[in-house]
Amino acid sequence: MSDTRLERLARSLGWDGAERALLQQALTHRSFSADHNERLEFLGDAVLNLCVSRWLMQRLPQASEGELSRTRANLVREQSLHRIALGLGLPELLRLGEGEKKSGGQQRPSMLADALEALLGAVFLHMGFAAVEQLVQRLFAQVDLSSSAQTHAKDPKTRLQELLQGRYLALPHYELQQVRGADHQQLFVVQCTLQTPPLQAQGQGPSRKAAEQQAAEQLLDQLQQHGQWQATATVKAKPRRAAAAVPVRTGRAPSAPLQDKGKKRPGSTGKGWVA
């Protein structure tokens, strides 16, 4: 690890004092040393959620609990933390074992996101909550919190489900395909399948939930590129309206249906008829 790069990171974080041991620990993976960053990551995750929650309460005074939760989930997800970690230059600062280096660990989004959370935990321990809260607000200062951004703050699984339900299509099916790696570094592989349109996507993540979210996000991208998507959805939705109508012969009272006599409206008590 370059001392110059570490000093540059310390300045970016607003690190107070010359002590660097805690900062180096936050950048240390368990493959490199027993004095690794997992406990700091645990603490940093909680600190980050608290800081973002308080910030959103101030920035979005009219937002409901559900909107606040979805927006926070969007801000603290792995993809968002990965982008911030890249901006801080963390790939060059991570301390990894030889095996992790060879497998590309320094560029792995999950590992960089974990290291960022560990850094937040270290800042909290070294300088207190006020300092880490200011840092979090600075790191997320350019985030768009407009109403359109809040709409996209729904997680990929929720967006995919709502998209399909709005077109009367079958919900996606998630299936766990594989679990790789050691117990402390597992990688879950999940496949998501749609009936209409017939599409599949595979996602990976450190948990089954994370893998499902990635698979759903990939399917959303496929649907945007799927040329027949709108047409397929329209064809599926129309029969639901047509099937309920029963033609009435001219000159007959509407109360005396000629077809499907005795067919009850779903959910009725027996007194209503198909109109």
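Keep in mind that what you see is a predicted model, and the values were worked out from it rather than measured.

### Some remarks on the UniProt feature "binding site: Mg(2+)" (unreviewed entry) in the protein
Here the UniProt-annotated "binding site: Mg(2+)" (unreviewed entry) positions come out as E41, D114 and E117. Judged by maximum C-alpha separation, these annotated positions cover 77 residues in sequence but sit close together in space, the widest gap being only 6.0 Å. Within the secondary structure layout, D114 lies in helix α7 (residues 109-127). Its place among the elements puts E117 in helix α7.

### Some words on the nonpolar core
Membership of the largest hydrophobic core comes to 43 residues, with the highest contact counts inside it found for L90 and F140. Elements with a contribution of two residues or more to this core: α1 (3-13), α2 (21-26), α3 (38-59), α4 (65-75), α5 (78-87), α7 and α8 (129-139). Counting residues per element, this core draws most heavily on α7, which supplies ten residues. The residues contacting F140, other than those within four sequence positions of it, are L48, V52, W55, L75, L81 and I84. One finds Y174, F188, V190 and L199 within the second-largest nonpolar core, a separate group that totals 16 residues.

### Details of the packing of aromatic side chains
Applying the stated rule across the entire model yields one aromatic pair. Consider the rings of W55 and F140, whose centres lie 6.5 Å apart with planes at 40°: the pair is tilted. With W55 in helix α3 and F140 in the loop between α8 and α9 (147-151), the pair connects residues that are 85 residues apart, well separated along the chain. For F140, a relative accessible area of 3% translates into the label buried. Positioned above the aromatic ring of Y174, the side-chain terminus of K157 is 4.7 Å from the ring centre.

### A short note on the sheet that holds strand β2 (residues 187-194)
Here three strands make up an open sheet; going across it, the order is β1-β2-β3 and the pairing antiparallel. The open sheet has two edge strands with one neighbour each: β1 (173-180) and β3 (199-205). For this sheet the average axis-to-axis angle between neighbouring strands, irrespective of direction, equals 20°. Sheet analysis places β2 next to β3, joined by seven bridges and oriented antiparallel.

### Describing unusual backbone geometry
T196 connects to P197 through a cis peptide bond whose omega is -10°. With respect to the secondary-structure elements, P197 resides in the loop between β2 and β3. Positive phi is not limited to glycine here, since Y168 has a value of about 55°. The topology assignment puts Y168 in the loop between α10 (156-165) and β1.

### So, the side chain of H29
Residue position: H29 is located in the loop between α2 and α3. Reaching out from H29, the side chain makes a polar contact with the side chain of S31 at a distance of 2.8 Å. Residues within four places of H29 in sequence aside, it is in contact with H36, N37, R95, L96, E100, M111 and Q185.

### A closer look at the pattern of salt bridges
Evaluation of the coordinates by the stated rule reveals seven salt bridges. Here R54 and E133 are joined by a salt bridge, their closest N and O atoms 2.9 Å apart. Taken as a pair, R54 in helix α3 and E133 in helix α8 lie far apart in primary sequence, 79 residues in all. The partly exposed category is assigned to R54, whose relative accessible area is 43%. Taking the shortest distance from any N to any O, the salt bridge between K157 and E212 comes out at 2.8 Å. Here K157, found in helix α10, pairs with E212, found in helix α11 (residues 208-225); they are 55 residues apart in sequence, far enough to count as distant. With relative accessibility at 25%, the residue K157 sits in the partly exposed group. Among the ionic contacts, a cluster of salt bridges with common partners joins K157, R208 and E212.

What counts, and at which threshold
- Residues numbered from 1 in each chain as written.
- Predicted model: local features only at pLDDT ≥ 70, side-chain atom pairs only at ≥ 80, totals over all residues.
- Heavy atoms only, no water.
- UniProt positions renumbered as here; feature names shortened; annotations may be inferred.
- Helix = DSSP H or I, 4+ residues; strand = E, 2+ residues; numbered from the N terminus.
- Core = buried A, V, L, I, M, F, W, Y, C linked by side-chain atoms within 4.5 Å.
- Buried < 20%, exposed > 50% of the residue type's maximum accessible area, 1.4 Å probe, protein only.
- Contact = heavy atoms within 4.5 Å.
- Phe/Tyr/Trp six-rings, centres within 6.5 Å; stacked < 30°, edge-to-face > 60°.
- Lys NZ or Arg CZ within 6 Å of the ring centre and 35° of its normal.
- Pairing = 2+ DSSP bridges.
- Axes fitted to C-alpha atoms, helices over the stretch in contact; angles between N-to-C directions.
- Polar contact = N/O pair within 3.5 Å; in protein donor to acceptor, adjacent residues only side chain to side chain.
- Salt bridge = Lys/Arg side-chain N within 4 Å of Asp/Glu carboxyl O.

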